[in-house]
Each structure stands twice: as C-alpha cells, then as structure tokens.
Amino acid sequence: LSHGVPPGQTKIDVVRDAAVEVRKPTMFGELIIMIVYLPILTLQGVEGKLFRPMALTVIFALAGSMILSLTLMPVLASYVLPKRLEEREPFLIRCVKRMYKPVLHVTMHHKLLVLCLALCVLFVAFGMIAPNLGSEFVPKLSEGAIVINVVRLAGTDLEESIRYNTKMEQAILKEFPDEIDHIWTRIGSAEVATDPMGVELCDVFMTLTPRSQWTRAETQDELTSLIQRSMRELPGQRIAMTQPIEMRLNEMISGVRSDLAVKLFGDDFDVLVDTAEEIEKVLRSIDGSADVSVEQITGQPVLQIKVKQDEIARYGVSAREVLDLVQSLGSYELGEVFEGQLRFPLIVRLPEHIRSSPEAIGNIQLRTASGQRIPLARLADIRAIEGPSTITREWGYRRINISSNIRGRDMGSFVAEARQKIDEEVKLPPGRYHLEWGGQFENLISARQRLMVVVPLALVLIFGLLYLTYHNIIDTIRVFTGIPFAWTGGIIALWVRDMPFSIAAAIGFVVLSGVAVLDDMLLVSYIRQLRAGGVDLEEAVEQAAMTRLRPVLMTTFVAALGFVPMALNTGMGAEVQRPLATVVIGGVISGTVMSLLVLRVLYMLFAGPVHKKDERRHAEDEREETDPVEAGTN
C-alpha cells in the first residue's frame with residue numbers, strides 16, 4: 001500500500017496478494033523455529049523439568065501466531081490500513097545505512113580477505129575458546145538458604161549433639177546477625193524418615209535475609225566461605241556447606257549430598273577405608289575442591305563377647321546358658337502380659353550398673369551344674385571394639401562414598417583432572433574393587449549424550465526445510481552457514497563473561513539456530529527475486545543488502561533486547577537464565593554482523609544460477625503489472 005492501490009484492484013485484493021506472497025516464507029520461518037525447540041522436549045530429568053515448559057510455550061505461541069497471521073491479520077489489515085501509506089525511514093536507520101554502505105563496498109571489493117577473516121574467527125571460537133570453556137550441568141542456584149551437613153563421631157549421644165548444635169547456632173547468629181534470618185537444626189531421622197540418619201548426623205538450616213541487608217558479604221558463595229571459616233574453631237566434627245534443594249537433588253541422584261561422589265565398591269571394610277583415604281588425599285590436592293570427606297562407615301563402639309569353648313567344656317556349662325546371659329544385657333523376652341485386649345512383651349534386663357563396662361559385665365556370676373559360681377570373664381572373651389556404623393550396598397557390592405563440593409571451578413574440568421590423578425596415584429586392590437563417578441556429573445553426561453543425537457537431527461530437518469524453500473542446494477548451504485557464525489558469538493560471549501558451558505547455554509545455542517537462519521533467509525530470498533528480474537549479481541547483492549538492512553536489524557534488536565533483563569538479572573534463580581541469555585545475545589550480534597558482511601561475500605563468490613521458478617514468478621508479476629484488467633479477470 002505504500003505505492004497506492006493499482007488500477008483495477010481494491011485494497012482487499014492488495015492485502016490478499018500480500019498475504020499469499022509472504023505465506024510461504026512466514027510458515028517456513030515459524031516451522032524452522034518450532035523444529036529448533038524440538039530437541040528441548042526430549043530432555044529428561046532435572047534439565048527437562050527446567051526447560052521443557054519454555055519450549056512448549058514458544059511452540060504453542062508460534063503455532064497460534066502462524067494461524068493468526070494467515071487468518072485474522074489480513075482481515076484487520078483490510079479494515080484498518082489506509083489505501084495509501086506514506087513510509088519514511090527513521091533517522092537512526094538512515095544514519096546506519098550511511099555508515100554501512102562504504103563498509104559494504106570495502107567487503108565486496110576484498111572478498112578473499114573477508115572470507116579469511118571469517119574463517120579465522122570460526123577457528124578461534126571453535127578450536128581455541130570452546131575447548132577451554134569448561135562444563136557443568138546447570139549453574140548453581142542461589143536459594144536464599146544454606147545447609148551445614150555435620151558429621152560427628154559414631155556413637156555420639158543425643159544430649160551431646162543438642163549441646164554442640166546449640167553452641168554452633170549461637171556462634172553463627174552472633175557473627176552474622178545481618179545475614180542470617182532464622183537458624184534451626186535437625187538431628188537424626190525425622191518423623192517421616194526420607195533418609196536414615198543417626199544422632200551423630202545433623203543438618204543445620206539457615207534462611208538468609210534479603211541481600212541488600214548484608215554487611216559481611218556480597219554473594220552467597222562468599223557468605224558460605226565465611227561461615228565455614230568460622231566453624232573451624234569448633235573441632236570434633238566434619239562439615240559440608242550446601243543448600244536445601246541442591247542437597248536433596250544430589251541425594252536423589254547419587255545418594256550423597258555433595259556436587260561430586262566417587263563411589264568405591266569392594267568386599268573388605270578395611271581395604272575400602274584405606275583406599276578411600278587415598279582417594280580423599282588426591283581430591284584435596286585438586287584446585288576447586290571443597291568439603292572433601294569419606295563416608296563414615298566405621299567407628300561404632302561394639303561390645304564383642306566370644307565364648308571360650310575349652311572353658312565351658314571344663315566347667316560343664318552349655319553355650320546356650322552363656323548366650324542367654326549375654327542376651328539379658330540388652331533385653332530378654334520371657335513372655336507376654338495381657339491387659340484386656342492389649343498385649344505387652346515381658347522383658348528381663350540386667351541393672352545398668354552391672355552392664356556399664358566390659359569389666360562389670362565380666363564380673364557377672366554364672367552358676368554351673370555343680371553349683372559353683374564362675375565370672376563370665378572366665379567363660380568368654382569380653383572386649384570393646386570398633387565396628388561398622390553403616391553398611392551400604394549397591395548392586396550386590398559393599399560401597400563407600402568419597403564426596404566433594406566444587407567451588408570456583410567448572411565441574412567438567414574438575415572431574416577430568418580428578419580422574420587422571422586418581423588413575424595415576426591410586427592403585428585399586430585386585431578382585432571386585434572398582435570406581436564409579438556420581439553426582440550432578442551424571443546428569444551432565446546424560447543430557448550431553450541426548451543433545452548430541454537430537455540437535456544434529458534438528459539441524460538436518462532445518463536443512464530440509466530450507467531446501468524445500470529454495471529448491472537450490474547452493475542457496476540452502478549459504479543460508480545454513482549463518483548457524484556456525486551465530487554460535488561463534490555465543491561462544492565468545494560465554495568466554496567474555498567467564499561462564500562454563502552448561503545445559504542452559506546449550507539451550508541458548510539451540511535457540512540461536514532458528515534466529516540465525518531467519519536473518520539470512522531475508523537477504524537470500526530478496527537477492528533471488530532481484531536476479532530473477534534481470535538485475536546484475538553485484539547490483540542485486542548491494543541493493544538487497546541496503547533494502548533488507550532495516551528488517552535484519554529489527555530482528556536482531558528484538559531478539560537481543562528481549563534477553564537483556566535475563567542476562568543482567570541478579571535475583572533468585574537468575575543463575576540458570578544468565579548463560580542462556582548471554583549465548584543468545586552474543587550469537588544474535590555475531591550472526592547479524594556476519595550476515596551483513598560475510599554472507600554478501602559468500603553470495604558473490606558462490607553465486608548459483610537463477611532459479612527457473614523465480615524467473616517464471618517474476619514474469620507473471622510483470623504481466624500482471626502491465627495488464628491489470630486481464631490479471632483481475634484471470
């Protein structure tokens with residue numbers, strides 16, 4: 001309508017023809033973006049719960065917008081738009097075009113130089129920066145709460161745990177009054193026992209005040225380090241710092257409450273403990289390790305009573321009599337007591353002062369068949385030993401965990417270094433002993449393997465849709481090159497912001513694939529249209545570059561500005577959003593720059609023939625313009 005309604009046609013005819021003209025590229029563009037989000041729907045576990053709702057929302061929104069663009073929007077345009085539109089470019093666009101035109105001329109006259117620079121950028125991004133980014137599953141969320149996992153000696157009684165926990169709570173509140181809002185401790189197993197714990201195991205929960213009120217720290221990681229440093233003054237316990245939700249997720253994934261778990265399987269308790277201590281030393285020596293500890297499976301005081309067979313034979317005492325006496329040290333059930341319909345066991349137990357120590361137990365008298373009284377110590381070997389406090393089995397093997405948190409470093413490089421050092425410095429005993437790696441690292445490997453399958457499949461589908469659009473393999477490849485150029489910006493953006501590769505960043509790269517293709521489709525489609533009309537190649541490329549500059553920039557700024565709040569957000573949960581937004585913003589910028597400069601050069605260097613369908617369509621358009629009455633009749 002900017003050129004007015006042609007003679008012999010109405011405004012409805014113009015709107016109808018325009019809707020038909022843009023129907024195919026619009027539908028293909030929206031289908032491409034939908035396909036881009038399909039890999040996200042295949043994610044399982046934690047990553048699926050995080051990102052699948054976003055993918056479904058985008059797909060449903062695109063489906064709805066596609067239906068509206070083909071039905072409602074043409075109707076509204078026929079009613080609302082005037083018969084003639086006066087279209088003037090904004091001042092900013094005119095300034096950008098003045099700056100872009102000489103740059104475009106330089107690039108088109110130095111094609112090989114531009115192509116070499118583009119290849120160098122790709123090599124630096126994919127060959128040098130990407131391998132050194134590091135990797136992690138998802139960025140650690142700031143939950144606004146901290147948990148201290150406390151492990152004391154096995155056999156610590158409830159009163160001692162309560163006394164020591166109260167001392168810890170008072171010390172923390174006194175030192176961090178502006179940061180800690182509430183603090184409480186859970187000792188042992190709860191009423192609804194989701195996990196079995198002894199009274200020597202405690203969880204100290206702390207809810208934090210709003211970050212604006214803090215005076216001792218600026219970030220939660222810094223506050224965690226300060227609290228851990230203050231707890232060093234309280235000896236006799238091992239502590240590990242984590243967060244409530246993070247602790248539960250780690251426990252559900254691998255059975256431990258830390259970021260990484262090295263599971264050692266074997267048969268002999270002593271061998272497991274000795275080997276686990278060697279692995280612990282190796283993990284402590286690695287940069288980035290924190291709260292390294294070995295699962296406490298020994299240390300439980302046990303009273304061991306072994307019957308002396310030769311002595312009971314000498315005195316004519318049966319082993320059953322000795323064992324009955326030993327059983328009465330705890331509780332010996334003699335029968336049942338009835339009170340109405342209720343039944344209660346009748347239990348015999350020796351007084352406390354008789355069973356208070358191994359020596360007192362050894363002095364208990366036992367009557368022989370001849371009437372002689374003999375102390376139990378003469379008939380049995382009585383001593384206090386250290387026994388196992390926990391026996392954990394997995395797949396039929398005894399297991400011991402060596403756990404570690406990771407701070408100030410990405411998980412992927414930490415695990416790679418830990419594996420290498422453990423293989424070099426720790427020799428596993430022969431037999432049924434082996435290692436497995438657990439924690440969130442398992443989720444990272446699983447999600448990465450799934451994405452390695454579905455993302456290439458999505459790219460193949462995008463390539464197929466592009467070919468259906470252009471029916472030309474050269475133009476299809478030319479548009480498809482926008483994807484690696486866009487990924488280059490995402491990689492550089494992660495490197496600049498010192499962020500490792502994560503599943504959130506991977507979702508950003510997936511999103512980039514669709515946006516990059518749409519920008520290049522705008523240019524290639526218009527160049528093909530101009531060449532079909534007989535315009536020279538160089539003139540068609542330059543004219544298309546200047547004409548399509550405005551929609552390309554609009555697409556870029558809309559996509560980038562929408563992610564700026566996510567990239568700069570510092571609130572709760574922003575840790576997951578920032579890598580995704582950073583990748584999209586960096587990729588959109590690099591993809592646009594490459595599209596405005598490199599794609600033009602690629603079209604000049606690898607110009608394909610004018611497609612016959614484009615020539616036929618252009619000829620039909622010219623015939624309709626020269627004979628509008630006949631066209632209207634037809």
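Residues numbered from 1 in each chain as written. Predicted model: local features only at pLDDT ≥ 70, side-chain atom pairs only at ≥ 80, totals over all residues. Heavy atoms only, no water.

Colleague: Can you tell me about the overall build of the protein, naming the residues and giving the values?
Modeller: Across its full length, the protein holds 23 helices and 15 strands. Radius of gyration (C-alpha) of the protein: 37 Å, far over the 26 Å computed for a compact globule of 634 residues. Each of the 634 residues in the protein was classed as buried or not, and the buried ones make up 43%. Taking all contacts inside the protein whose residues are at least 6 apart in sequence as the whole, residues at least 24 apart take part in 75%. Of the roughly 33800 Å² of accessible surface on the protein, a fraction of 60% belongs to carbon and sulfur atoms. Charge centroids of the protein, computed over 65 positive and 76 negative side chains, lie 2 Å from each other. (Helix = DSSP H or I, 4+ residues; strand = E, 2+ residues; numbered from the N terminus. Rg over C-alpha atoms; globule rule 2.2 N^0.38 Å. Buried < 20%, exposed > 50% of the residue type's maximum accessible area, 1.4 Å probe, protein only. Contact = heavy atoms within 4.5 Å. Areas by Shrake-Rupley, 256 points an atom, 1.4 Å probe, with all protein chains shown as cover. Lys, Arg positive; Asp, Glu negative; His and termini not counted. Charge placed at Lys NZ, Arg CZ, Asp CG, Glu CD.)

Colleague: For the packing of aromatic side chains, give the residues involved together with the corresponding values.
Modeller: This model, assessed by the stated rule, comprises five aromatic pairs. Their ring planes at 10° and their centres at 5.7 Å tell us that Trp 184 and Phe 205 sit as a pair that is stacked. Here Trp 184 is found in strand 2 (residues 180-187), whereas its partner Phe 205 is found in strand 3 (residues 201-208), with 21 residues between them in sequence. By the ring-pair criterion, three or more aromatic residues cluster together here, those being Trp 487, Phe 501 and Phe 509. One Lys or Arg, Lys 167, reaches over the ring of Tyr 164 and ends 6.0 Å from the middle of that ring. (Phe/Tyr/Trp six-rings, centres within 6.5 Å; stacked < 30°, edge-to-face > 60°. Lys NZ or Arg CZ within 6 Å of the ring centre and 35° of its normal.)

Colleague: Give me the lowdown on the sheet that holds strand 2, citing residues and values where you can.
Modeller: Here we have four strands laid out as an open sheet, ordered 2-3-1-4, and antiparallel in their pairing. The sheet is open, and its two edges are formed by strand 2 and strand 4 (238-242), each paired on a single side. Each adjacent strand pair in this sheet contributes to an overall mean axis angle of 20°, direction not counted. With seven bridges connecting them, strand 2 and strand 3 associate as antiparallel partners. When the bridges of strand 3 are listed, Trp 184 appears paired with Phe 205. Docked against the sheet, helix 7 (residues 220-230) engages strand 1 (145-151), strand 2, strand 3 and strand 4, running at close to 30° with respect to strand 1. (Pairing = 2+ DSSP bridges. Axes fitted to C-alpha atoms, helices over the stretch in contact; angles between N-to-C directions.)

Colleague: Tell me about the environment of Asp 157, residues and numbers included.
Modeller: Within the secondary structure, Asp 157 is located in the loop between strand 1 and helix 6 (158-175). Taking the C-alpha atoms as reference points, Asp 157 and Ala 486, 329 residues apart in sequence, are found 61 Å from one another.

Colleague: Hey, could you go over the environment of Phe 509 for me, with residue numbers and the actual values?
Modeller: Locating Phe 509 in the fold gives a position in helix 18 (residues 503-532). Sequence-wise, Phe 509 and Lys 427 are 82 residues apart; in three dimensions their C-alpha atoms are separated by 41 Å. Contacts of Phe 509, omitting those with residues within four sequence positions, involve Trp 487, Gly 490, Ile 491, Leu 494, Phe 501 and Val 583.

Colleague: An account of the pairing of strand 8 (residues 332-339) is needed here, citing residue identities and associated values.
Modeller: Residues in a regular strand project their side chains so that they alternate between the two faces of the sheet. Little of strand 8 sits inside the fold, with zero of its eight residues counted as buried. Once strand 8 ends, the chain turns through two residues before running back antiparallel as strand 9 (residues 342-348), passing Gly 340 with a positive phi of about 70°.

Colleague: Account for the side chain of Glu 394, naming residues and giving values.
Modeller: Note on placement: Glu 394 falls in strand 13 (residues 393-394). A distance of 2.8 Å separates the side chain of Glu 394 from the side chain of Arg 399, its partner in a polar contact. Among residues more than four places away in sequence, those in contact with Glu 394 are Lys 263, Phe 265 and Arg 399. (Polar contact = N/O pair within 3.5 Å; in protein donor to acceptor, adjacent residues only side chain to side chain.)

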